[in-house]
Structures are given as structure tokens and as C-alpha cells.
Amino acid sequence: MPLTLAQLNAASQPEFVALLDGTYEHSPWIAERAWHRRPFASLAALKRALVEVLRDAGRDAQLALIRAHPELAGKAMVAKTLTAESTHEQGKAGLTDCTPDEFAKIQRLNAEYNAKFGWPFILAVRGPRGTGLTRAEIIATFERRLAGHPDFEFAECLRHVHRIAEIRLNDKFGVTPELGNLVWDWAEELATESDPGFKEHGQLTVTYLTDAHRACARRLQAWMKHAGFDEVSIDAVGNVVGVYHGRDAGARRLLTGSHYDTVRNAGKYDGRLGIFVPMACVRELHRAGRRLPFGLEVVAFAEEEGQRYKATFLGSGALTGHFDPAWLDQADADGVTMRDAMRAAGLPGTMDAIAALKRDPARYLGFVEVHIEQGPVLNELDLPLGVVTSINGGRRFLGEVVGMASHAGTTPMDRRRDAAVAVAQLAVYLERRAAAVPDVVGTMGQLEVPAGSINVVPGRCRFSLDIRATTDAARDACVADVTAELERICRQRGLTCVLEETMRAAAAPSDPVWQRRWENAVAALGLPVHRMPSGAGHDAMKLHEVMPQAMLFVRGLNAGISHNPLESSTNDDIELAVRAFQHLLDQLAETA
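Reading guide: rules and limits
- Residues numbered from 1 in each chain as written.
- Predicted model: local features only at pLDDT ≥ 70, side-chain atom pairs only at ≥ 80, totals over all residues.
- Heavy atoms only, no water.
- Helix = DSSP H or I, 4+ residues; strand = E, 2+ residues; numbered from the N terminus.
- Buried < 20%, exposed > 50% of the residue type's maximum accessible area, 1.4 Å probe, protein only.
- Contact = heavy atoms within 4.5 Å.
- Areas by Shrake-Rupley, 256 points an atom, 1.4 Å probe, with all protein chains shown as cover.
- Lys, Arg positive; Asp, Glu negative; His and termini not counted.
- Charge placed at Lys NZ, Arg CZ, Asp CG, Glu CD.
- Pairing = 2+ DSSP bridges.
- Right-handed = clockwise from strand over helix to strand, strands pointing away.
- Core = buried A, V, L, I, M, F, W, Y, C linked by side-chain atoms within 4.5 Å.
- Salt bridge = Lys/Arg side-chain N within 4 Å of Asp/Glu carboxyl O.
- Expected span 1.5 Å × (residues − 1).
- 1 Å grid on protein atoms, 1.4 Å probe; cavity = no way out; pocket = protein on both sides within 12 Å on 5 of 7 lines; lining within 4 Å.
- Points joined across faces, edges and corners; volume = space filled by probe spheres on them.
- Nonpolar A, V, L, I, M, F, W, Y, C, P; charged D, E, K, R; others polar.

Q: For this particular structure, what's the right way to read the overall build of the protein chain?
A: Within the protein chain one finds 22 helices and 16 strands. Counting only C-alpha atoms and orienting by the principal axes, one finds that the protein chain spans roughly 75 × 70 × 45 Å. By residue count, 54% of the 592 residues in the protein chain fall in the buried class. By sequence separation, contacts in the protein chain at least 24 residues apart represent 77% of the contacts at least 6 residues apart. On the protein chain, roughly 24700 Å² of surface is accessible, and the fraction owed to carbon and sulfur atoms is 52%. In the protein chain, 66 positive and 75 negative side-chain charges are present, and the distance between their average locations comes to 1 Å.

See below:
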């Protein structure tokens, strides 16, 4: 019989430890300490308590736990002395069926990893879906992480220890994250569509109105219809719009969604997670024959990334009435204008049709968006969900400092007009200035010496600035200080500079009422509420201009990396995101 929370909460300490035996490899002390944190309101609360016990235990105890784990396809597997749990996991991943070459490679990697770090390589081999990684995936991960820094690897091993424990707890409780699996599978299937030149290499790239983009739209449209949406359509800019009516078809609606286009060589969850989570909620409402006092409109925005045309937030901008008519005449790298691309995709390609997409804010309750975090914070905190307080406002600049190119051997150090050193000095100042204020970030992502030579003092240096903050005031104060410092450096060194602003986006603080709804939803799952800003831009920034908005972040794997093929999330974390969204809908239903 599956274990229940009622059993666990009522158990004595020895019984509690026995019931959780094998959750953490050869480490009953974790359960012993977690017993004092009863009662647990949910399985998620139990998992969190175990995480906190290990976090509070200190590095020595953590290292001992890591070392208690067996090597993958190691001596213990060969000798058949693995625990039952480890035997099941390694078998599920096919490690018991390695070819001689695979086995030899894993043995070599085990030895190299232990020699470098001093502990065994830890990987949750049942993977983010719980069904098992392939041997090729395991070996590729092993090779990648072997190049990591010891501090990062230590933390990554602990994160995988917790993932292993999470899957084992699911087995004990007989729990399957069905909705998380549904969303995970949708994301995997949609990722099979990719633009030419990338698909052949196993890379995901979907840019605006390509064949792959249109295929994604058709899949989304079909899935929405199958999930039970009352109305599904593709609009004049390629947005896929699904409407699930409330009890009254004319009732106001909650607007939600995210984008389905991608950057080049992307991950599978950026944007798309925010489409699939509410789709899963609608599917459950439809299956239950349930109607809410309000409608639910889910929009898969056709474009947010600005990869094919310089027209970011094109999809959401059309809904807010901010589609720039000049965009239609923009040409892509092949000379195809947006208007022609639209018409080739069967869209009208006219401003009249696009202008008709503008929504009346009075018809909507607000906008909410679920999104993968795209950063390391939740990953480092071992938290599956985070509530967004504000989307950072940003300003970007391209600059050039001009000095004098001269001979590197004959120009004395006190007579140089070195443009590159000036920009490097500014980069150090930017780092220090941004770090001095909470939630301000500054980046110099481009730094180039045109036609530079190894034996020439740089006479020119081009650079970029990207400055973001949770408020426009904090952002602008940083910009003012950095530009003043640039002027001071140039005066001191006898240089000139040009700085051009190329982008300005206002900060989008979350609506307090909607933010509280997300907070209540997270707390209802038995999880601590972590509030955090979003450093990246999202479609919610555009909707913020016309209606209240708030966002929920979902933890990403691999240190939260995004815009990268390593971007991922687990079925358990996605399940919690769906449950949080359902709770938000229930809260709204009680007050609507």
C-alpha cells in the first residue's frame, strides 16, 4: 500500500525513519531530524523539510551523504551490492546493459571525476521526467560536468541528491505528477519542430512565420481544441488564441499565456511553459465539466524574441495596440519583408487586420504569466516556485571610445591614449556600481578593438552597456553614474567617446493584488513563498501597459540556464506550477 501523509504525521520517530528508509542513500539521520518538523501539510512540504534538514546540517554532513552514493555503473553495480533503490534507478537508465565501450568510458569518467573532486559523480539518472535518461545523455552530462568548478559541482551533486529523493518519495507515496508529465510531453513534442539549418543538428530554433513556426501554431491549435477550449483560432499576427468560456460566455476574462517562438539553439521551456500550464488547467476544467464565473483566454504569442525581425513583443504588442506599422516593411536576412511573410503564411498582412486585435482592458480581469526562471536563484535555494515582484526595466547602449593607435614598443606608458584600457576601466566601475544597489544589474556584453593588433596600442574600442533594475529610478541612477564615469575616464586619459542609447524599457512592477494571489497559491502547496524580481523581459511587460499583471517563476535545472539547449525543468516542479495556477483560479472564482 502506498504511504500516506496521515501515517507519516502520526508515526513515532523510529516508525517515521523506517517509513522513509532509502529516501536518502544510507542516511537515516535526515529523516530523524525531519521528524521534528511534523505535521506536513503536503508531500511538497515534506520534500522541502528534508531539503532544509540537509541544508542546515553543514558541509561535512553533506559531503558524507554525497560519498554514500555509489558510482554510476561502478564496482557496487558489478558486485550487485547496490541498495534496492539504486539498483532500480541504474537499471531504469539502462546502465546494467552498457556496451563494453560504454562501460569502459563510464569507468574512466568515474576515476577522473573522483580524482578531480574527491567524491562520486551524482546524477538523478531517472531524469526530469522520471522515466530514465539514456546512456548517451548520462555520458554527455558526465563529460560536461567534469569540466565544472568544485564549488558548483558540490552544489549540483546535492541538487541531484534531492531529485533522487523526490522520485523515491513519489514511488513510496504512489504519486505520479500526471499534469506535470502532460506539460513536459507537450514541450518535448513541440520541440521537434525547428527551422532548417538547426533541426538537422538536433537544435531548437523557431523564428517568426517560418514553416516550423507555423507547424508549432497548428499543433498548439489542435492541442487546445483537444483540451476542451470553446474557441481556438490563429489571429492576424500568428498568435494562437484559445478561449474557455465562463458560466456566462459574455463574462470578463482572465488573460494568460506566453510566446512560442525561440532564440537560436534554444531551450524547450522559455515561453512555452506559460502556454502549456494554463492549457492543462483548461483540460482539467473541461474534464470536470466545470465552468468558472469568468472566462479564461490563453494566448500563445507568435513572437517575443525579435530573432527574424527587429520587432520584439510583436505578438503581445498587437493585443495592447502597440504594433508599429513600420515593422511590416522590415526585411529579414533573406530580404523577405514581414508583410510578405505574413501573406505567405495565410495572414492578411494589413494594419487594419492587426489593429483589430487590440483588446479592451475593461473586458479583462488582468494578465498572469507562468515562466521558467531563466536564472540560478530558485535552483540555488532548492525551491520549485518563485513569485515575481517586478520585471526589470532596462536601457541599452552602444558606445565607442577613441584614442590614438600607436606602436606598442615605442609608446611610453605615460604617453598612451589607450581606448581599450579606458573601456576596461569602465567595465570594472559598472560591475562595482551595479553590485552596490540591490536588484540592479549591469553588463558589458560586447567589447571590441576594431582591426586590433598584438603590437599596437588600441586607438578605438567599441562596447555595449545593458543596465537593468526593478525600478526605472534605480536603473536611471545607475545609467547616470556610469555615463558620468565614462566622461571622467575620457577626460583623464585624453580620449573622446560616443554613446548611443538603443533600447529603453520601463520596469513592470507586479500588481499587488495579483502578486498576493500567486503568493497564496504557493503557500497553499505547503511551500515557502520566495519573492524575486525578473531580470529578463516577458510578454507580461507589454500587457502591464494596459492591465494589472503578475508572474510565477518555475525553477530550471542545470543552474537555471536558459536560451540554451540545457534549459529544462522537472515534471514535479511543473506539476506544482499547474497546481498553483489552479489555486489562483479557485481564489479568483471565490471573489469574482
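Q: Which parts of the structure should I look at to understand the environment of Val 546?
A: Among the structural elements, Val 546 can be located in the loop between helix H21 (539-543) and strand S16 (549-554). A residue is classified by how much of its surface remains accessible, and Val 546, at 26% relative accessible area, is partly exposed. Separated by 499 residues in the primary sequence, Val 546 and Lys 47 have C-alpha atoms spaced 39 Å apart. Sequence-distant contacts of Val 546, that is, excluding residues within four places in its chain, are made with Thr 320 and Pro 361.

Q: Explain the pairing of strand S3 (residues 253-259) here, please?
A: Remember that side chains alternate between the two faces of the sheet whenever the strand is regular. Most of S3 is tucked away, with seven of its seven residues classed as buried. Residues Arg 253, Leu 255, Gly 257 and His 259 of S3 are buried on one face, and the alternating residues Leu 254, Thr 256 and Ser 258, pointing to the opposite face, are buried as well. Both S3 and strand S4 (residues 295-301) contribute to a ladder of seven bridges, which runs parallel. Opposite Leu 255, over in S4, you have Glu 297 as the bridge partner. Crossover S3 to S4 through helix H13 (residues 273-287) is right-handed.

Q: Mind showing me how you'd approach the nonpolar core here?
A: Generally speaking, soluble globular proteins have nonpolar side chains that are buried together. Judged by nonpolar contacts, the single largest core of 82 residues is most densely connected at Leu 220, Met 338, Met 342, Leu 385 and Trp 518. Not counting residues within four places of it along the chain, the set of residues in contact with Leu 220 comprises Leu 190, Val 240, Tyr 260, Ile 275, Phe 276, Met 279 and Ala 300. Judged by nonpolar contacts, the second largest core, of 52 residues, contains Leu 3, Leu 109, Phe 142 and Cys 157.

Q: Can you help me understand unusual backbone geometry in this one?
A: Among all residues save glycine, negative phi is the norm, and among peptide bonds the norm is trans. Residue Pro 39 follows Arg 38 across a cis peptide bond; omega there is -5 degrees. Located in the positive-phi region is Asp 382, a residue other than glycine, with phi close to 55 degrees. With respect to the helices and strands, Asp 382 occurs in the loop between helix H17 (377-381) and strand S6 (385-391).

Q: Would you mind going over the side chain of Ser 42 with me for this structure?
A: Along the chain, the position of Ser 42 falls in the loop between helix H3 (28-34) and helix H4 (43-57). Residue Ser 42 is classed as buried on the basis of its relative accessible area, which comes to 16%. Non-local contacts of Ser 42, meaning those with residues more than four positions away in its chain, are made with Leu 5, Leu 525 and Gly 526.

Q: I would appreciate a short explanation of the pattern of salt bridges in the present structure.
A: Applying the stated rule across the entire model yields 45 salt bridges. Here Asp 329 makes a salt bridge to Arg 339, at a shortest N to O gap of 2.6 Å. Pair noted here: Asp 329 is in the loop between helix H14 (314-320) and helix H15 (338-344) and Arg 339 is in helix H15, with a separation of ten residues, a long-range link. By relative accessible area, which is 23% here, Arg 339 ends up partly exposed. Between Arg 504 and Glu 501 there is a salt bridge, with its nearest N and O atoms 2.9 Å apart. When salt bridges that share partners are traced, they join Arg 395, Asp 472, Arg 475, Asp 476, Glu 501 and Arg 504 into one network.

Q: So what exactly am I meant to see when it comes to H13 here?
A: Because each turn of an α-helix spans 3.6 residues, side chains separated by three or four positions in sequence point in the same direction. The first and last C-alpha atoms of H13 sit 21 Å apart over 15 residues, in line with the 21 Å expected at 1.5 Å per residue. Buried residues dominate H13, accounting for twelve of its 15 residues. Buried within H13 we find Leu 273, Gly 274, Ile 275, Phe 276, Val 277, Pro 278, Met 279, Ala 280, Cys 281, Val 282, Arg 283 and Leu 285. Gly 289 occupies a position one or two residues after H13 and carries a positive phi of about 65 degrees.

Q: I tried to follow empty space enclosed by the protein on my own but got confused; where do I start?
A: In this approach a probe as big as a water molecule rolls over the atoms, and the regions it shows empty are the leftover space. All chains considered together, the criterion is met by two cavities of 30 Å³ or more. Those elements that provide at least two residues to the lining of the largest cavity are helix H7 (84-92) and helix H10 (150-173). Counting residues per element, the lining of the largest cavity draws most heavily on H7, at three residues. Here the residues of the lining of the largest cavity sort into seven nonpolar, three polar and two charged.

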